[in-house]
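In case you want the letters, here they are:
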Amino acid sequence: MPTIKLAKWQILLSKFDIMYITQMSIKGQALADHLVKNPVEGDYEPLIMYFPDEEVLFAGEDIAELYTRWRMFFDGAANFKGVGIGAVLILEFGQYYPASAKIRFLCTNNMAEYEACILGIIIVVDININELLAIGDSDLQIHQVQGEWSTKNVKILSCLHSVKELCKKFTKIKFKHTSRI
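Residues numbered from 1 in each chain as written. Predicted model: local features only at pLDDT ≥ 70, side-chain atom pairs only at ≥ 80, totals over all residues. Heavy atoms only, no water.

Glancing now at the packing of helix 5 (residues 109-126) against helix 7 (residues 154-167). The interhelical angle for the contact between helix 5 and helix 7, taken along N-to-C directions, is 20°, at an axis separation of 10 Å. Classified by the interaxial angle, the pair formed by helix 5 and helix 7 is roughly parallel. Helix 5 and helix 7 meet at a crossing whose hand is left-handed. Listed contacts from helix 7 to Asn 110, Met 111, Tyr 114, Glu 115, Cys 117, Ile 118, Ile 121 and Ile 122 of helix 5 are Lys 155, Ile 156, Cys 159, Leu 160, Ser 162, Val 163, Leu 166 and Cys 167. Class assignment of the residues belonging to the contact of helix 5 with helix 7 gives a composition of 12 nonpolar, two polar and two charged. (Axes fitted to C-alpha atoms, helices over the stretch in contact; angles between N-to-C directions. Helix = DSSP H or I, 4+ residues; strand = E, 2+ residues; numbered from the N terminus. Parallel < 35°, antiparallel > 145°, perpendicular 65-115°, else oblique. Left-handed = near helix turned anticlockwise from the far one by under 90°. Contact = heavy atoms within 4.5 Å. Nonpolar A, V, L, I, M, F, W, Y, C, P; charged D, E, K, R; others polar.)

Set out below in structure tokens:
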């Protein structure tokens, strides 16, 4: 019965040349795309960035008030165009250190999130920072890194192991989940 109704609607609407396009999910893709399109070459130099309507786009608690030391936002996204990862290191007085990369192997969104986290942590280790608040939008990844959830996926396990090994190089590292909004 539903097929007949759809066929009737299709016949009636065919004269209007209507085309349906699925809405692409932007979530954290905006940050990853921005960082991939604007790579930083050379040494890590501070970058002062202004994001228009930053206060309008931010939802929830102000993380800067909770943690005044180094913070790292990271995100990864995989879609039909490829896989992009990015991380932004932020110091309390407004210095931004962005890093991004395009991954040239197939991976899932969860693996991309882990790769983005690994990229950011490696940079933080290279800068000799001992305390860090790592902020990501993957609830699964944050809980796995904190040891609250487990995984049996072999590919995710290797990424999780890499993150945990890198975390041993810090005196204090904390992971925080933030909404994808």
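We now examine the pairing of strand 1 (residues 71-79). With nine bridges joining them, strand 1 and strand 2 (residues 82-90) adopt antiparallel strand pairing. Bridge pairing links Ala 78 to Val 83 in strand 2. With four bridges connecting them, strand 1 and strand 4 (residues 131-136) associate as parallel partners. Within strand 4, the position partnered with Phe 73 by the bridge is Ile 135. (Pairing = 2+ DSSP bridges.)

Together, Lys 37, Lys 81, Lys 102 and Arg 104 make up a region of like positive charge exposed at the surface. Looking at the element boundaries, Lys 37 is found in helix 2 (residues 29-37). (Patch = residues over 30% accessible without salt bridge, like charges linked within 9 Å, V, L, I, M, F, W, Y side chains within 5 Å. Areas by Shrake-Rupley, 256 points an atom, 1.4 Å probe, with all protein chains shown as cover. Salt bridge = Lys/Arg side-chain N within 4 Å of Asp/Glu carboxyl O. Lys, Arg positive; Asp, Glu negative; His and termini not counted. Charge placed at Lys NZ, Arg CZ, Asp CG, Glu CD.)

It is worth spelling out the sheet that holds strand 1 at this point. If you walk across this open sheet you meet the five strands as 3-2-1-4-5, and the pairing is mixed. Edge positions in the sheet fall to strand 3 (96-103) and strand 5 (172-177), since each of these pairs with one other strand and no more. Going across the sheet, the axis of each strand differs from the next one's by a mean of 20°, ignoring polarity. Packing against the sheet, helix 5 makes contact with strand 1, strand 2, strand 3, strand 4 and strand 5, and its axis sits at approximately 145° to strand 1.

Let us now look at the confidence of the model for the protein chain. Residue-level pLDDT values for the protein chain average 79, and 73% of them are 70 or greater. A low-confidence stretch, residues 55-60 (pLDDT under 50), is modelled with four contacts involving residues beyond four sequence positions or located in other chains. (pLDDT = per-residue confidence, 0-100.)

All chains considered together, the criterion is met by one aromatic pair. Ring centres 5.5 Å apart and planes at 40° place the aromatic pair Trp 70 and Tyr 97 in the tilted group. A residue pair is termed long-range when its members are at least 10 positions apart, and Trp 70 in the loop between helix 4 (63-66) and strand 1 and Tyr 97 in strand 3 qualify at 27 residues. In terms of burial, Trp 70 and Tyr 97 fall into one category: buried. (Phe/Tyr/Trp six-rings, centres within 6.5 Å; stacked < 30°, edge-to-face > 60°. Buried < 20%, exposed > 50% of the residue type's maximum accessible area, 1.4 Å probe, protein only.)

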